[in-house]
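Given next are the chains, with one letter for each unit.
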Amino acid sequence: MSLRARVALGAGRAAGWASRVTGRGAGTQVSGRVMLAIAPDLLEQVGSGRRCAIVSATNGKTTTTRLLAEALRSAGIPVTSNHTGANMPAGLAAALGRDPEPRVAVLEVDERWVPRVVDPLAAELLVLGNLTRDQLDRFGEVRSIAVRWREVCGSHPNLAVVANASDPHVVWSVEPATDVTWVALGAPWRSDAATCPRCAALLDWSADTFACRACGFAQPDAPYRLDGEVLVTPEGRIDLDLALPGAWNRMNAALALTAAIAHFGIDAERAAAGIRDLEMVSGRFSTRRLADGRDARVLLAKNPAGWTEVLRWLAPTDTSVVLAVNAHLADGRDPSWLFDVPYELLRGKPVAASGERALDVAVRLDYGDVSHVVERDPLRAANGLPGEVVVVASYTQFTHLTRGSW
Amino acid sequence: MTRESPVRIGLVYPDLLGTYGDRGNALVLVERCRRRGVEAEIVEVAAGEPLPDSLDVYLFGGGEDDAQVMAAAGMRASSAALDRARGGGAVVFAVCAGLQLLGTSYAAGDGDVLDGLGLVELETRAGEGRCIGEVVVEPDPSLRLRTLTGFENHGGRTRLGPGVGPLGRVTVGHGNGVPESDGATVDGVLADRLIGTYLHGPVLPRNPDLADLLLGWVLGTDALTPLGDTLVEELRAERLHEARLRGRRARRRDRRLTRG
Ligand SMILES: [Zn+2]
């Protein structure tokens, strides 16, 4: 490593520490920015000599990254990872710089940044989950990310790809790649995939597969497939039996396991055993102690697809639910997506509309016939609801709640 | 207000034209009927299917480029059915991409100019930059509506043909984004039983009297039973306040620019 790189790492750590103790951030992003300013080729230097796997998706990338890292560790492979969810170049540099030893890096990367980090990291594997609408004011984003992913896949013949065969945008992005392992995760969210990514005709959807009658674009045959609680592999069926909740985590796990088995050659049973007992993944779930001593679970929901998955998981339980929504840039400034999410699933539960946009949530619930109270402070709202409480929070609400600055 | 059949609220191509919570507009219309004891149902017209001529309200929502082109193709193929329905008194309510499709032509994402439905004379072309943010509109006085609040997010600029009137005058935000001859900014279009607007949010949950105007047209009355809209009133007050702060900031910025 060059002297300049070592200075950059040192300066970055100091900045990160200052940022943490002054409570201004989780530290990682700040220190990464300082590092990159001092040594712009830092990513190359901290990544060199390692086997780098990049995990990206609109939803589930933090969890998939953690699960893949755990699956590799279970086979005795030391792994470094950006486990705090800092997933842009600065955060990647900080995470790698902090942990110079391990030969394998499993890195969550923001969808838009994938094309720009593949080369500096000399990545050998891309793990691609799904592409759905995220923050609404970023218009046309799904398409433009798919175009950029496609360019990367087409221009890197040595790059291996493990990808979700059930997502039309992902399949189109990965089409030009030469070394692909498909895993069919099922397609519970189709609203952003009505038209064919290749020719713009209407896609035909049957049960869980898609095809375009106009141009022949279709779901590829996948040697790996999620079937309820089971990952079907060419060698047999593996029971997932996860401690992590919800259908979406089974999809994350199936994607991570496919990468561990197909690309890294880890024994399937051993890999599954390595992730089965994982209970919490930072960046997605957390808990907060309430004034009355109870613990509330806090879940991040970033977009309509994410909200829908969380609500489907909550529906059959008897928990109370706080819906905490802001509309800053990171949440999406336009909360019209509230009407794309089936909040009707919460009918009959104790529910609170909360966050800066509590009134938008309340009006949505009212038109969905979901009785509720309005309380802008999510912790006060949680404290007022009976029994077990889950707070489902938009991005900036989640970061406030988990940083404890309320 | 006695009807033999339920009010049929048509949600047109929700997979293609549903980018901005457009289902919310349908939900609001149905709920506001039900709360008054009037039977109503949402009829979803799936992408690729022709439009039926039997709906009471046709809702056209917002959509991205490819989706808008596909929706336009389907709608043009059904224009005879839509004409029949309008002849029988059906109401058309169109938002964003839906508004653009009502017109004679619009510019697609790749710059091509494509035919719209031609229900009203208006044309949409690409503009520089997107119009994003809270919008406040003072509706045409003939509608006797209160101030409209919504959120806009579009790249198109829509010019109304001669003699075609807007839904209202924009006091905060951009709306159609093309100044009228008197320099005013306007939003949307207003014609016989037809309203188009750039406001989403979606717009009807925030503007219950606009929802009731459409329902009044369908039910043939302008005296619908008032509903308890306390929550909505609080939300309206909050959004209008926010938007006016934004408008003041924008005007200050403009003044600085002209001075400096
Ligand atoms: Zn096609």
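Definitions and cut-offs
Residues numbered from 1 in each chain as written. Chains lettered and ligands numbered in written order. Predicted model: local features only at pLDDT ≥ 70, side-chain atom pairs only at ≥ 80, totals over all residues. Heavy atoms only, no water. Helix = DSSP H or I, 4+ residues; strand = E, 2+ residues; numbered from the N terminus. Buried < 20%, exposed > 50% of the residue type's maximum accessible area, 1.4 Å probe, protein only. Contact = heavy atoms within 4.5 Å. Areas by Shrake-Rupley, 256 points an atom, 1.4 Å probe, with all protein chains shown as cover. Lys, Arg positive; Asp, Glu negative; His and termini not counted. Charge placed at Lys NZ, Arg CZ, Asp CG, Glu CD. Buried area = accessible area lost by both parts, 1.4 Å probe. Salt bridge = Lys/Arg side-chain N within 4 Å of Asp/Glu carboxyl O. Nonpolar A, V, L, I, M, F, W, Y, C, P; charged D, E, K, R; others polar. Pairing = 2+ DSSP bridges. Right-handed = clockwise from strand over helix to strand, strands pointing away. Donors = N, O, S within 2.8 Å, 3.2 Å for Na, K, Ca; no water. Tetrahedral: all angles 85-135°; square planar, octahedral: opposite > 155°, others 65-115°.

## Things to note about the overall build of chain B
Next, step 1: Within chain B, the secondary structure is distributed over seven helices and 12 strands.
Next, step 2: Considering only C-alpha atoms, chain B reaches an extent of 65 × 45 × 30 Å along its principal axes.
Next, step 3: Counting only residues that meet the buried cut, chain B has 55% of its 260 residues in that class.
Next, step 4: Long-range contacts, defined as pairs at least 24 residues apart, comprise 68% of the intrachain contacts of chain B with a sequence gap of at least 6.
Next, step 5: Carbon and sulfur atoms make up 47% of the accessible area of chain B, which totals about 10900 Å².
Next, step 6: Once the 31 positive and 37 negative side-chain charges of chain B are each reduced to a mean point, those two points are 8 Å apart.

## Thoughts on the interface of chain A and chain B
Next, step 1: Taken together, the contact pairs 30 residues of chain A with 39 residues of chain B.
Next, step 2: Regarding the contact of chain A and chain B, the summed buried area is about 2900 Å², with carbon and sulfur atoms giving 60% of it.
Next, step 3: The interface formed by chain A and chain B contains three salt bridges.
Next, step 4: A salt bridge links A:Arg357 to B:Glu134; the nearest nitrogen and oxygen atoms lie 4.0 Å apart.
Next, step 5: Ranked by residues supplied to the side of chain A that touches chain B, first place goes to helix α12 (residues 358-367) of chain A with seven residues.
Next, step 6: Here the residues of the side of chain A that touches chain B are counted per class, giving 12 nonpolar, five polar and 13 charged.

## Description of the pairing of strand β2 (residues 40-45) of chain B
Residues and elements named next belong to chain B.
Next, step 1: Here strand β1 (residues 7-12) pairs with β2 via six bridges, running parallel. Looking at β2, one finds that Val12 is bridged to Val45.
Next, step 2: The handedness of the β1 to β2 crossover, carried by helix α1 (residues 23-34), is right-handed.

## So, the coordination of the zinc ion
All names here are of chain A.
Next, step 1: Looking at the zinc ion, one finds its protein donor set to be Cys196 (SG), Cys199 (SG), Cys212 (SG) and Cys215 (SG), positioned 2.3 to 2.4 Å from the metal centre.
Next, step 2: Each of the four donor atoms around the zinc ion contributes to a set of angles spanning 104 to 112°, which defines the coordination as tetrahedral.
Next, step 3: All donors of the zinc ion belong to a single chain; written as a sequence motif, their spacing is C-x2-C-x12-C-x2-C. Linking Cys196 in the loop between β6 (179-184) and β7 (203-206) with Cys215 in the loop between β8 (209-212) and β9 (224-227), this pair joins segments that are 19 residues apart in sequence.
Next, step 4: Overall, the relative accessible area of 28% leaves Cys215 in the partly exposed class.

## Points about unusual backbone geometry
All names here are of chain B.
Next, step 1: Even without glycine at this site, Tyr13 takes up a positive phi of about 50°.
Next, step 2: Counting through the fold element by element, Tyr13 comes out in the loop between β1 and α1.
Next, step 3: Not every positive phi belongs to a glycine, and Arg144 is a case in point at roughly 50°.
Next, step 4: In this fold, Arg144 is placed in the loop between β7 (122-139) and β8 (148-160).
Next, step 5: The class of Arg144 is exposed, set by a relative accessible area of 71%.

That's the geometry; what it means functionally is another story.
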